[in-house]
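In case you want the letters, here they are:
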2 protein chains.
Amino acid sequence: MTNPSDPTPATPPTRRPILIEHVAPSVDDGRHDVKRVVGDQLEVSADILRDGHDRLAAVIRYQCDGDGAWREATLQSGDNDRWSGAISLDAIGRWRFTVAAWTDTFGSWVEEMRRRIAGGQRELGSEILEGRALVERAATGARGEDGAVLRRVLAETATAGSADQIAALLDTRVRAAMARGEERADLTCFDRELGVTVDRARARFASWYELFPRSQGRVARRHGTFADCIERLPDIQRMGFDVLYLPPIHPIGRTNRKGRNNSLVAAPGDPGSPWAIGGAEGGHAAVHPDLGTLEDFSRLVDAATEHGMEVALDFALQCSPDHPWVREHPEWFSHRPDGSIKYAENPPKKYQDIFPLNFASPAWRSLWTEILGVVLFWVERGVLTFRVDNPHTKPLDFWQWLIAEVHRRHPAVIFLAEAFTRPKMMRALAKIGFTQSYTYFTWRNTREELTEYLEELTGTEMAEYFRGNFFVNTPDILPEVLQRGGPAAFKMRAALAATLSPLWGIYSGFELAEGDAVPGTEEYLDSEKYEIAARDWDRPGHLKDFIARLNRIRREHACLQTSRGIRFCPTDSPHVLAYVRTGPAGEAAVLAAVNLDPWTPRSAQVDLPLAALGIPPDETYALVELLTDVRALGRGPTLAVHLDPAASPAAIWRLARWRRREQHFEYFSS
Amino acid sequence: MTNPSDPTPATPPTRRPILIEHVAPSVDDGRHDVKRVVGDQLEVSADILRDGHDRLAAVIRYQCDGDGAWREATLQSGDNDRWSGAISLDAIGRWRFTVAAWTDTFGSWVEEMRRRIAGGQRELGSEILEGRALVERAATGARGEDGAVLRRVLAETATAGSADQIAALLDTRVRAAMARGEERADLTCFDRELGVTVDRARARFASWYELFPRSQGRVARRHGTFADCIERLPDIQRMGFDVLYLPPIHPIGRTNRKGRNNSLVAAPGDPGSPWAIGGAEGGHAAVHPDLGTLEDFSRLVDAATEHGMEVALDFALQCSPDHPWVREHPEWFSHRPDGSIKYAENPPKKYQDIFPLNFASPAWRSLWTEILGVVLFWVERGVLTFRVDNPHTKPLDFWQWLIAEVHRRHPAVIFLAEAFTRPKMMRALAKIGFTQSYTYFTWRNTREELTEYLEELTGTEMAEYFRGNFFVNTPDILPEVLQRGGPAAFKMRAALAATLSPLWGIYSGFELAEGDAVPGTEEYLDSEKYEIAARDWDRPGHLKDFIARLNRIRREHACLQTSRGIRFCPTDSPHVLAYVRTGPAGEAAVLAAVNLDPWTPRSAQVDLPLAALGIPPDETYALVELLTDVRALGRGPTLAVHLDPAASPAAIWRLARWRRREQHFEYFSS
């Protein structure tokens, strides 16, 4: 194992005396990007160290895709060899950064000189010569003002007496010019480049509204249209939503079409599931003729924009047996030994109305390219958000490639992963590129469950890459608490989602407190997935005003627009969840208290983290309950709350310090 | 920023559908090695996942330097997509490992068949054809027994009826042959190779004894010799130590030699500091003539071996002004503008008896090579352990290179880093290769300090690479508690070090409870660093029996031979630190309780973690106090302890379950 006779040990080709470690933020050591939105500051930190007493200097090196040059931002040293700094993410796109450090030779000389002088050392001639030699070396290449400064100090110190020489060499302008002009000794770069995906603001802060276009006609069994959707926009806008998400709008297959309530045989006139994509009329790049034309769709996109919304499309990579690809590209599907195409199965379950695509077939390259073309087709028609159906049943490397290819051309595109699967797969999808992710929120009901889950999402590395979108319901999920809890449960869950997560959404019908399920399941009874619904959107008892108020509170409070700054407050009731949201300095904090029991009024004492809120323990503070506009004063770290679900299961206060002069009180001026 | 006109998106060159993440153990994502000793099992785990329902298979791929071929060990899937397995580290050296995974195509087919059959599916002809096709493909390349199995099942299923065909294809022997013989679909390897430095056992478990050879003569002011050291070996062996560590044994400089108690001017006859290395008689590869010859040194090495010990040398990379290198290689030092060599400084402090080496001089390659030669010189003379003086004042990349070059030739060599400096530098030295490290133990005195520090060392990533050597004193550190606390404090600190850490050490004089300091400092008064000491090693009040007992307890209990399995027990006294050490299954656990107050008897109730010890709450257990051999029975989770420092500040119990039959009780048979 040993070779003692090896006579000539090779020294390394270059020196690397500086160690740069633990550069943050990063996900899995730079294998995946952290996520930010445009306008954010990216706080960067690193451990940087070397032997001995020499001073170090360090920078962030960074670049935004396409802008070519590497730029630099200074890192400052802090406690325990940790350095930190920040860069402004002023453009959407993929940013890269790393950290570089070097020995600050002249700075080290300056600090040693100061210590010598402070220590009473008198004979400094040799040290002055060393300092001048450093300046001389840097002056050779220095231009402009720095060059002038360095040449001037050399001239001044060539003949002056020792005290004057020292004063000139220790001048802060010389130090600054040397910092810029001196060769970077021992220059070392962190061994990886880290990535930051910088999205537009709506990637992090948005309120989604999902509707079936065919159900927007308000007439039983009449197929609604894009034009009907346009009619509904003012209502949705009043509720405060800004993303209008449509299940698949494509032609629907006829072969093995599912009937009402997921029955195996469709009755005549049954419209089928929109997720059985493709028919004689076309596939993923066509629209269902009963909804209208591509031009009608464009009109909806434009009208949504006028109402402050954008249209999000469902992106479901599966085909009905009637999809044009089945005929034109059988090589994109899996086949049985007899040559027939395989339908979807999860044995013993069979899904005979769906042909899954085979992403690993020998023809995978042409399939992937075609799919990219489909996305780009819709992007060119103004769709910048895609809710991706069941991404966990398609390969991770496919998504990584697809999202990167789309972002290379259109970095503003948002992809929401509709994966309800194992925790690490949900995380993996977010890591490899999905902008947002569905979550387990619908199944988190108790105080402990919600606290633990939010701490996982916001207090671990997940906060760097996983943006949970808290849907309170979906066409596939009518949670038990909504089935049983009536309107109070709907309000309770909406208040939680809207104040715990900057991304939340409802599926239409929620605002009408629709809660009828197929017994023993989370499936809607008479689900819109298989039939056309008709609703009176102004039905008595609707929750539209409550929802509108929630969305207004979100828009008016920056602390609710990120997932940072959630702090749960101890309460003395297991049924009351309370939390404080804090935002950027100078922005108001929000306190929410939610009664998780939709049937029973509950009282609780809430312990407030006054120190974290910047409120002295003996100072009075102002509270404005934002759902009711009721104002109050508070004092001390305990707040008594009483939440009657029949009135409102939630209270949401803006908290503000009492200001010095009476006319500055916000409750005074209103 | 975008290029929508790019018409031909490039698909990736190969598919990578499987994600392998978070492979453990690793340090900084494989940048540094984890440390183990020969004979250990290395437990490896990883997150492995892919889309859909296909089964995966995975292995550890591993290699020990020099043995050439990559070997494989199976990983088993566990909860939450975490896979785990182990390899036996059966040789000293540098091991590398990674993880590979692939789609288990035939296994997936088998599992689907089982679910189809369980689900009542009758028509399976198409599925049987698919299974046979998989076997056919694998059979082509399969040889030996596996080939025979596969060809046989193909023959059996060519004509048989469906039930027999299924039974034959689902035979476990077929599954096993396919697991070995089927092509590995989607084969994916973790993107990094991780390293394991496997040391000899003494790298992790050893008891060090430090002595100044020149003080071993027992006659005041007479310079001791290596022969005197040999005389002392039986005494040291009786105390149970197995590493005999010597401060520098080289010629000592005369220029600017320090006098007694670190005075700036030496008196005639003052021997100087052994760390002022080098004189007319030679440098780092010579021995001080007053100690003896190189042959005398070899005799000491051999005698130590006969006494169950090895000799560790101090490795201090600095020179007295009289070192031969100063004359022969002035290019290895730093120079003033006037050409003179710089002495060591940390302004305003000056160390005029020491010339530091310049590791970054233009001649660094020849210097580094020379230093490597020095280490190899001593290795060839039987020294396999080096205590490295102040490594944090020399470059990290130098140490990384030096240790790797030594280990490439002699993987058994142990390097102990004597760095008392900033936390991240101490960690960095351990990461880049030092086998063991000095620690902050001497300055951790209270229950909270000790608990927090041990949890950092053993409960964080540091446990993977940082092996703390708990010295209770050194020639530079006489801790305050030993200056003030008398023999009880010496026993207390020795008991802590010996039972909290598998590596501990004393500097000679400790066993005599020597506690006289230069007032207001941690320096020994009349320090051996600057003069020759003479001691009566059998002086009344010596602690040799206590120390011998500690080392015997360590040798007899495997749980004290690693840093794993430390669990602190709550006590109701802030002065009593209690902890349980558990080892490999089947090995006895040890409970220690230490009175941290060396002056006052203290009582405490100790809460025992009975569940972790495998003792039912209602079961009686046996306790043997190992310092006194006093036996007792215990029952229930609370143990009352009373520790009188005048008798013994520590109690160390072996804990054992009460066994079924009377003659099996250990207290019965003794």
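Right above here is the structure, for reference.
Residues numbered from 1 in each chain as written. Chains lettered and ligands numbered in written order. Predicted model: local features only at pLDDT ≥ 70, side-chain atom pairs only at ≥ 80, totals over all residues. Heavy atoms only, no water.

A few words now on the overall build of chain A. Within chain A one finds 16 helices and 29 strands. The principal-axis extent of the C-alpha atoms belonging to chain A is close to 105 × 75 × 55 Å. Burial statistics for chain A: of 670 residues in total, 58% are counted as buried. For chain A, the exposed area adds up to about 27,000 Å²; of that, 50% sits on carbon and sulfur atoms. Here chain A contributes 80 positive and 92 negative side-chain charges, whose respective centroids are spaced 1 Å apart. (Helix = DSSP H or I, 4+ residues; strand = E, 2+ residues; numbered from the N terminus. Buried < 20%, exposed > 50% of the residue type's maximum accessible area, 1.4 Å probe, protein only. Areas by Shrake-Rupley, 256 points an atom, 1.4 Å probe, with all protein chains shown as cover. Lys, Arg positive; Asp, Glu negative; His and termini not counted. Charge placed at Lys NZ, Arg CZ, Asp CG, Glu CD.)

Strand pairing in a sheet relies on backbone hydrogen bonds, with the paired strands running either antiparallel or parallel. Residues and elements named next belong to chain A. Pairing is parallel across the open sheet formed by eight strands, whose spatial order is β19-β18-β17-β12-β11-β10-β21-β20. Of all the strands in the sheet, the pair left with one neighbour each is β19 (436-437) and β20 (470-471). The pairing of strand β12 (residues 310-315) with strand β17 (residues 385-389) spans four bridges and is parallel. Looking at the pairing, Ala 312 lines up with Thr 385 of β17. Packed onto the sheet, helix α10 (residues 396-409) meets β12, β17 and β18 (414-418) and runs at close to 160° relative to β18. (Pairing = 2+ DSSP bridges. Contact = heavy atoms within 4.5 Å. Axes fitted to C-alpha atoms, helices over the stretch in contact; angles between N-to-C directions.)

What follows covers the packing of aromatic side chains. The tally for this structure, following the rule as stated, stands at 60 aromatic pairs over all chains. Consider the rings of A:Trp368 and A:Phe398, whose centres lie 5.3 Å apart with planes at 70°: the pair is edge-to-face. Here A:Phe398 lies in helix α10 and A:Trp368 lies in helix α9 (residues 364-380), a separation of 30 residues in the sequence. Here the two residues A:Trp368 and A:Phe398 agree in accessibility, since each one is buried. Relative to B:Tyr245, the ring of B:Trp208 has its centre 6.0 Å away and its plane inclined at 65°; by these criteria the two rings are edge-to-face. In this pair, B:Trp208 sits in strand β10 (residues 206-210) while B:Tyr245 sits in strand β11 (residues 243-246), placing the two residues 37 residues apart along the sequence. Judged by relative accessible area, B:Tyr245 falls into the buried class, the value being 0%. Taken together through their ring pairs, the aromatic side chains of A:Phe315, A:Phe359, A:Trp364, A:Trp368, A:Phe386, A:Phe398, A:Trp399, A:Trp401, A:Phe415 and A:Phe434 make up a single cluster. Sitting above the plane of the A:Trp364 ring, B:Arg15 keeps its charged end 5.8 Å from the centroid. The lysine or arginine in question, B:Arg184, covers the ring of B:Trp102, its NZ or CZ lying 3.8 Å from the ring centre. (Phe/Tyr/Trp six-rings, centres within 6.5 Å; stacked < 30°, edge-to-face > 60°. Lys NZ or Arg CZ within 6 Å of the ring centre and 35° of its normal.)

These two copies of the chain differ by a rotation about an axis and a displacement along the same axis. Here chain B sits on chain A after a turn of 180° about the axis and a move of 0.0 Å along it, with an RMSD of 0.1 Å. What we have between these two chains is a two-fold relation. Closest to the rotation axis within chain B is the C-alpha of B:Asp29, separated from it by 3.5 Å. (Least-squares fit on C-alpha atoms with pLDDT ≥ 70 in both.)

Turning our eyes to something else, we now look at the interface of chain B and chain A. Chain B puts 77 residues into the contact, and the matching count from chain A is 78 residues. Overall, the association of chain B and chain A removes approximately 6,800 Å² of surface from exposure, summing both partners, and the carbon and sulfur fraction of that is 50%. Residue B:Asp29 is joined to A:Arg192 by a salt bridge in which the shortest nitrogen-to-oxygen separation is 3.4 Å. At the boundary of chain B and chain A, one finds 40 residue pairs in polar contact (both at pLDDT 80 or more). Counting residues per element, the ones that place at least two in the side of chain B that touches chain A are β1 (19-24), β3 (41-49), α1 (105-118), α2 (125-141), β14 (344-346), α9 (364-380), α10 (396-409) and α11 (423-431) of chain B. Of all the elements, α10(B) adds the most residues to the side of chain B that touches chain A, at six residues. (Buried area = accessible area lost by both parts, 1.4 Å probe. Salt bridge = Lys/Arg side-chain N within 4 Å of Asp/Glu carboxyl O. Polar contact = N/O pair within 3.5 Å; in protein donor to acceptor, adjacent residues only side chain to side chain.)

Residue and element names in this part refer to chain B. Of all seven residues making up strand β24 (residues 589-595), seven are buried, and the element is well covered by its neighbours. Neither face of β24 is left uncovered, since the one carrying Ala 589, Leu 591, Ala 593 and Asn 595 and the one carrying Val 590, Ala 592 and Val 594 both have all their residues buried. Relative to β24, strand β23 (residues 576-581) is paired through six bridges, and the arrangement is antiparallel. By the bridge assignment for β24, Leu 577 is matched with Val 594.

What follows deals with unusual backbone geometry. Residue and element names in this part refer to chain A. Of note, the amide linkage connecting Ala 24 to Pro 25 takes the cis form, showing an omega dihedral of 0°. Of note, the phi angle at Arg 221 is positive, near 65°, even though the residue is not glycine. If you trace the backbone, Arg 221 turns up in the loop between β10 (206-210) and α6 (226-239).

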